[in-house]
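Chain by chain, the residues:
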Amino acid sequence: MDEPILTIEERSAINAGRWFSSLSPSLKHDILRCAYVKRYRDGDLIAARGEPPEEWIACAKGAVRVSSTSISGKQITLTYVEPGIWFGDVAIFDGDRRTHDAYAHGDSTVLCVAKADFKKILASHVELYEAMLRLHARRIRQLYGLVEDLNTLPLRARLAKQLLHLVRSYGVPSLSDGSEVRIGLQLAQEELAQLLGASRQRVNQELKAMEREEAIRIEPGGLVIRDRAALMRIIESDL
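Since we're looking at a predicted model, the values are computed, not measured. (Residues numbered from 1 in each chain as written. Predicted model: local features only at pLDDT ≥ 70, side-chain atom pairs only at ≥ 80, totals over all residues. Heavy atoms only, no water.)

Residues and numbers for the state of the cysteines, please.
Within the structure shown, the criterion is met by 0 disulfides. Cysteine 34 takes part in no disulfide bond, and the closest cysteine sulfur, belonging to cysteine 112, lies 13 Å away. Under the relative-accessibility criterion, cysteine 34 is labelled buried at 19%. Not engaged in a disulfide, the cysteine cysteine 59 finds its nearest cysteine sulfur in cysteine 112; these two sulfurs lie 11 Å apart. (Disulfide = S-S within 2.5 Å. Buried < 20%, exposed > 50% of the residue type's maximum accessible area, 1.4 Å probe, protein only.)

Residue-level account of the UniProt feature "domain: HTH crp-type" (unreviewed entry) in the protein, with values.
In the numbering adopted here, UniProt assigns the feature "domain: HTH crp-type" (unreviewed entry) to residues 153-229. With 51% helix and 18% strand, the stretch residues 153-229 has end C-alpha atoms that lie 18 Å from each other. (UniProt positions renumbered as here; feature names shortened; annotations may be inferred. Helix = DSSP H or I, 4+ residues; strand = E, 2+ residues; numbered from the N terminus.)

Tell me what's going on with the pattern of salt bridges, and back it up with residues and numbers.
Scanning all chains against the criterion turns up 13 salt bridges. Note that glutamate 180 and arginine 226 form a salt bridge whose closest N and O atoms lie 3.4 Å from each other. Remark: arginine 226 occurs in the loop between strand E12 (222-225) and helix H9 (228-238) and glutamate 180 occurs in the loop between strand E9 (171-173) and strand E10 (181-183); sequence separation between them is 46 residues. The exposure class of arginine 226 is partly exposed, given its relative accessible area of 32%. (Salt bridge = Lys/Arg side-chain N within 4 Å of Asp/Glu carboxyl O.)

Quick look at the structure:
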């Protein structure tokens, strides 16, 4: 499903990415000049665990589900890469094989830079080394934050934080009520539970409690956030 160019919406998502937007115009130009587009259907494999790294990748549309496989053979979702986020560079830097599988979650578009081109850009732009250090530092901060939350916050607070993150990344304003926001990323409760390291049953209980408190609404097509301030109060009460 390769297409030669990004759509206007996809290009905007790449340019609006917090990290990419901080780069100089000349560096952004050289990255985009070398990049090529790939499009995937829901569930298509983008990169496989154990493969040698051949591409540096950015999500331009949809989402990329990063997962691992348990000893029993069950797929465990670790995170979702949203539009504007780059990934796949760690394996290029350390020369090891990819550590996780990456699948398209919904119809998705990615922008790819071949490993050889990535290294050429590194050689011609010292700025990219510094930018990658900042990117990796941010990832480490996020990782420590997740570990801290897992060890210090109850599930209810972690769920509230996850819902607010999903709203920021995938929120779609309600046409009928301007105060409500639908989470556009389609997640089964099992997938949401995996992101939180909890059971589906416990997550379902907490979601129903939040619905009774009118902070959210559970619909067949997903979750609607009715009161973001209420979710913030849940987080703050457990800090």
